[in-house]
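Residue strings, one per chain:
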Amino acid sequence: MNSINFLRLEKILVIFLFILGGYLCFIGGYGSDEDTLPMFGVFRSLLESGKLMTSRFTGYPVAEIGLGFIAYNFGSFYANLVTYTFFILAIYIIFLTLNDFKKDNLFLFLLLCLSNQFLFFDNLEPIDYSWALFFFSLGLYFYKKNILELSILFFAISIGARLNFGLFIVVAILFFDSENHKKLFTKLRIIFVILFLGCLFYVPVWYQNSLNFEWLTASRPTSQGVLGIFARFFYKITLAFNFLSLLLIILIFITYKKNIKLNNVNNNFIFSIILSNLALFLWIPAEISYIQPAIIFLYFFIANNFKKNLVNIIIFSN
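1. Here's the deal with the overall build of the protein
Then step 1. Of regular secondary structure, the protein possesses 16 helices and zero strands.
Then step 2. Relative to the globule expectation of 20 Å for 318 residues, the C-alpha radius of gyration of the protein, 20 Å, shows essentially globular dimensions.
Then step 3. Its C-alpha atoms give the protein principal-axis dimensions of about 65 × 50 × 45 Å.
Then step 4. Counting all 318 residues of the protein, 51% fall into the buried class.
Then step 5. A fraction of 76% describes how many contacts in the protein between residues 6 or more apart in sequence connect residues 24 or more apart.

Here it is in structure tokens:
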């Protein structure tokens, strides 16, 4: 009886957050992310003058053109709503794919994600993270379903939305449990095709930069040296979870590690994504949104392996 009541409460809270997110999309304008307006500028430049520019060092063509088109033709509400919808669909698809298409603990997982302030608020404004995550989730879903053509297509589009997702795609192909693609040579061929197609999105930028690769560089916060990099890394991870939630997660891992049942065949893949994302963030500890995949995959592990009362405490602390 208590479990039924808890499930009902989880559904009510998730639906409330869905509606709240939609309302905030409506009133939020174009948000506060400094990269949003430059992304729109890419679309306007192509539309009005035919000149190619990038919103940042690398540029992310899929998100720049997609978000620019929506904002130019329909305004901020729809640009926000599409981004938010992509995020919701992405975490839903990731859960189903990793959980072998079973919905056990689905609402617990959704509540974990939506109760995290950065996952919730950062995806209410036009940014490219949720676009890349959405197409990555579709690629993973069809890879699990063994529909390889669609998997390769969506993985490639994910790279076109955000280049660093190429790393997560390589990890997915190498470590994700798949009955149909177990041979290393087969995996390497799939990786080559995905990376080749994904990189085609960046050919115009490559041409514009006289066929050199300087546009691939990113501004790392190195002014305070190695100590500054590590300080930013740990400080922003603490912010991403909030100190209380992170402390609870660590304490639960330490205290209950013997009682945590690793009841998912994809745990190696889950922790490979988390570690690769953290390694990337250590290289450039800039925006907290860079570690969205690590947070989401850790929350999946928590929702499926921690006792429900402990998960509820983490949600409350969020």
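Read on, since the account is not over.
2. Observations regarding the pattern of salt bridges
Then step 1. Enumeration over the complete set of coordinates arrives at four salt bridges.
Then step 2. Lys308 is the partner of Glu10 in a salt bridge, and the nearest nitrogen-oxygen pair spans 3.4 Å. Of the two residues, Glu10 is situated in helix H1 (residues 2-27) and Lys308 in helix H16 (residues 308-317); the sequence distance between them amounts to 298 residues.
Then step 3. Accessibility expressed as a relative area gives 31% for Lys308, which makes it partly exposed.
Then step 4. A salt bridge links Glu48 to Arg44; the nearest nitrogen and oxygen atoms lie 2.8 Å apart. Taken together, the residues span about one helical turn, with Glu48 and Arg44 both in helix H2 (residues 36-48) at a distance of four residues.

3. Points about the packing of aromatic side chains
Then step 1. One pass over the structure, following the stated rule, counts 38 aromatic pairs.
Then step 2. Measuring from centroid to centroid gives 6.2 Å for Phe192 and Phe196, while their planes differ by 20 degrees, and the two rings are stacked. Here the residue Phe192 and the residue Phe196 both occupy positions in helix H10 (residues 184-199), the gap between them amounting to four residues, near one helical turn.
Then step 3. Of the aromatic side chains, those joined through ring pairs into one cluster are Phe86, Phe101, Trp131, Phe134, Phe135, Tyr141, Phe142 and Phe154.
Then step 4. Directly above the ring of Phe101 sits Lys145, whose terminal nitrogen or CZ lies 4.4 Å from the centroid.

4. Thoughts on the side chain of Thr97
Then step 1. Mapped onto the fold, Thr97 is located in helix H4 (residues 76-98).
Then step 2. By relative accessible area, which is 0% here, Thr97 ends up buried.
Then step 3. Here Thr97 is in contact with Leu140, Tyr141, Lys144 and Phe176, once residues within four sequence places are set aside.

5. Side note on a nonpolar patch on the surface
Then step 1. On the surface, a nonpolar cluster with roughly 470 Å² of combined accessible area is contributed by Phe192, Val193, Phe196, Leu197 and Leu200.
Then step 2. Residue Phe192 is classed as exposed on the basis of its relative accessible area of 57%.

6. Focus: helix H12 (residues 225-241)
Then step 1. The terminal C-alpha atoms of H12, which comprises 17 residues, lie 25 Å apart, in line with the 24 Å expected from a rise of 1.5 Å per residue.
Then step 2. On its buried face, H12 sits against helix H6 (117-122), helix H13 (243-256), helix H14 (267-283) and helix H15 (292-305).

7. Topic: H10
Then step 1. Its 16 residues give H10 an end-to-end C-alpha distance of 22 Å, which sits within 8% of 22 Å, the value for a rise of 1.5 Å per residue.
Then step 2. Of the residues making up H10, those classed as buried are Thr186, Lys187, Ile190, Ile191, Ile194 and Gly198. On an axial view of H10, the arc spanned by its buried residues comes to 135 degrees, and they lie on one face. Turned more than 90 degrees away from the buried face of H10, the exposed residues are Phe185 and Phe192.
Then step 3. Taken together, the buried residues of H10 touch helix H7 (129-144), helix H8 (148-161) and helix H9 (165-175).

8. What about the nonpolar core?
Then step 1. Counting 97 residues, the largest nonpolar core has Phe109 and Phe136 as the members making the most contacts within it.
Then step 2. A total of 12 residues in this core trace back to one element, the largest contributor, which is H4.
Then step 3. Look past the residues within four positions of Phe109 in its chain and what remains in contact with it is Ile91, Phe95, Ile296, Tyr299, Phe300 and Ala303.

9. A few points about unusual backbone geometry
Then step 1. Positive phi outside glycine occurs at Phe101, with the angle close to 65 degrees.
Then step 2. Backbone geometry places Asn105, a non-glycine residue, at a positive phi of 70 degrees.
Then step 3. In this fold, Asn105 is placed in the loop between H4 and helix H5 (106-115).
Then step 4. In this structure Asn105 comes out as partly exposed when scored by relative accessible area, which is 31%.

Cut-offs applied
Residues numbered from 1 in each chain as written. Predicted model: local features only at pLDDT ≥ 70, side-chain atom pairs only at ≥ 80, totals over all residues. Heavy atoms only, no water. Helix = DSSP H or I, 4+ residues; strand = E, 2+ residues; numbered from the N terminus. Rg over C-alpha atoms; globule rule 2.2 N^0.38 Å. Buried < 20%, exposed > 50% of the residue type's maximum accessible area, 1.4 Å probe, protein only. Contact = heavy atoms within 4.5 Å. Salt bridge = Lys/Arg side-chain N within 4 Å of Asp/Glu carboxyl O. Phe/Tyr/Trp six-rings, centres within 6.5 Å; stacked < 30°, edge-to-face > 60°. Lys NZ or Arg CZ within 6 Å of the ring centre and 35° of its normal. Patch = residues over 30% accessible without salt bridge, like charges linked within 9 Å, V, L, I, M, F, W, Y side chains within 5 Å. Areas by Shrake-Rupley, 256 points an atom, 1.4 Å probe, with all protein chains shown as cover. Expected span 1.5 Å × (residues − 1). Arc of directions from axis to C-beta. Core = buried A, V, L, I, M, F, W, Y, C linked by side-chain atoms within 4.5 Å.

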